[in-house]
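Below, each chain spelled out in residue letters.
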Amino acid sequence: MLQCHIFCNFAKAAQYPRRKTEKMKTSKVLFITQEITPFVPESTIANIGRYLPQFTQDSGKEIRVFTPKWGTINVRRNQLHEVIRLSGMNLIIDETDHPLIIKVASLQAARMQVYFIDNEDYFHNRLLTADANGDEYGDNDERAIFFARGVLETVKKSNWCPDIIHCHGWISALVPLYIKSAYKEEPSFRGSKIVISLYDDNFNGTFPEDFLQKTLHKDMTIDLLDGTVTPTTYEELAKLAIRYSDGVIVAGDNVSPSLIEYAQSIGKPVLPKPNEEEHNEACNNFYDTII
């Protein structure tokens, strides 16, 4: 009987060998976020930028986090250091070269590193959307272009291949477009799925008439931007991001209903705003459905 018992167990193991040896692939999530506390004051987006990546990492996924190096972020106090091996590229926007500088800082309590996109023209000594007088910067469109391309070029250079790219805020809104066009053949992004979180209106002004033309990169053609109105409002920019995303998360309390309706009308999976206590887990479950 003992020999029979051993043989039966061996036979079962031989019949289903992959169940014993197969390992689950670790999912990789790239967070591209406008704000992260404590580097900027607390807000809905800044708190999500801080705690969602930590939760995702603690849940067993591999993460990378990118944010702009806003002028309000103190380099010495926050212990930012330039990453020489990733810095040094020039990004051409509207026929002008703009040096890309990458800095990094550690959040020790979260065991998490944050990478900062910096440039003297677009971020050095400058605030988020508007200056100290409340006047929105006239080159916010170029800042969004530079930030999106800066993140993607840096990730490509580091040979890291995210399964999910999660975008937060207007400054990241061009990432879905670039992933599905200019960078679609890049090995780092070939299998990436894009999720965008919608917040309340991030700016009140508009991007200028030539915004669409400046956005074009590599072999992109203007028809990729068909339907985007110029001058471009925040809502138009958000619709562009939704169109090229694979999933949408409602994160703000006062997100325009027309944006949610637009996402649903073109068949995008939409995660309604979760309760604050359930937000991080709901996002991670949503990633798994999108991958």
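Our structure's up above, just so we're on the same page.
About the thresholds
- Residues numbered from 1 in each chain as written.
- Predicted model: local features only at pLDDT ≥ 70, side-chain atom pairs only at ≥ 80, totals over all residues.
- Heavy atoms only, no water.
- Helix = DSSP H or I, 4+ residues; strand = E, 2+ residues; numbered from the N terminus.
- Rg over C-alpha atoms; globule rule 2.2 N^0.38 Å.
- Buried < 20%, exposed > 50% of the residue type's maximum accessible area, 1.4 Å probe, protein only.
- Areas by Shrake-Rupley, 256 points an atom, 1.4 Å probe, with all protein chains shown as cover.
- Lys, Arg positive; Asp, Glu negative; His and termini not counted.
- Charge placed at Lys NZ, Arg CZ, Asp CG, Glu CD.
- Pairing = 2+ DSSP bridges.
- Contact = heavy atoms within 4.5 Å.
- Axes fitted to C-alpha atoms, helices over the stretch in contact; angles between N-to-C directions.
- 1 Å grid on protein atoms, 1.4 Å probe; cavity = no way out; pocket = protein on both sides within 12 Å on 5 of 7 lines; lining within 4 Å.
- Points joined across faces, edges and corners; volume = space filled by probe spheres on them.
- Nonpolar A, V, L, I, M, F, W, Y, C, P; charged D, E, K, R; others polar.

Draft legend 1. Quick look at the overall build of the chain. Along the chain, the regular secondary structure elements total nine helices and eleven strands. Taken over the C-alpha trace, the chain has a radius of gyration of 21 Å; the compact-globule value for 291 residues is 19 Å, and the two agree within 12%. C-alpha atoms of the chain, sized along the principal axes, occupy 85 × 45 × 40 Å. Counting all 291 residues of the chain, 52% fall into the buried class. Approximately 14,500 Å² of the chain is accessible, and the part contributed by carbon and sulfur atoms is 49%. Charge separation in the chain, taken as the distance between the mean sites of 31 positive and 39 negative side-chain charges, equals 12 Å.

Draft legend 2. Looking closely at the sheet that holds strand β6 (residues 101-107). Reading across the sheet, the nine strands line up as β3-β6-β7-β2-β1-β8-β9-β10-β11 and stay open at both edges, with mixed pairing between neighbours. Each end of this open sheet is capped by a strand with a single partner; those strands are β3 (81-82) and β11 (270-271). As judged from the three bridges shared by strand β2 (residues 62-68) and strand β7 (residues 112-118), these two strands associate in the parallel manner. For Thr67, the partnering residue across the bridge sits in β7 and is Phe116. Most of the contacts of helix α3 (residues 44-58) go to strand β1 (residues 28-33), to which it runs at about 170°, and overall it touches β1, β2, β6, β7 and β8 (164-168).

Draft legend 3. How the structure looks around the layout of surface pockets. Here the largest pocket defines a volume of roughly 320 Å³. Mapped onto the lining of the largest pocket, the elements with two or more residues apiece are α3 and α9 (279-290). With four residues, the top contributor of residues to the lining of the largest pocket is α3. Within this model, the second largest pocket holds a volume of roughly 190 Å³. Around the second largest pocket, the lining residues are Gln34, Glu35, Ser43, Thr44, Ile45, Leu128, Thr129, Tyr199, Asp200, Asn202, Gly252 and Asp253. Tallied by class, the residues present in the lining of the second largest pocket amount to three nonpolar, six polar and three charged.

Draft legend 4. View of empty space enclosed by the protein. Applying the stated criterion across every chain, the model contains one cavity of 30 Å³ or more. Roughly 70 Å³ of internal volume is contained in the largest cavity. Contributing elements (two or more residues each) for the lining of the largest cavity: β9 (193-198) and α7 (234-243). Its residues assigned to classes, the lining of the largest cavity shows nine nonpolar, four polar and no charged.

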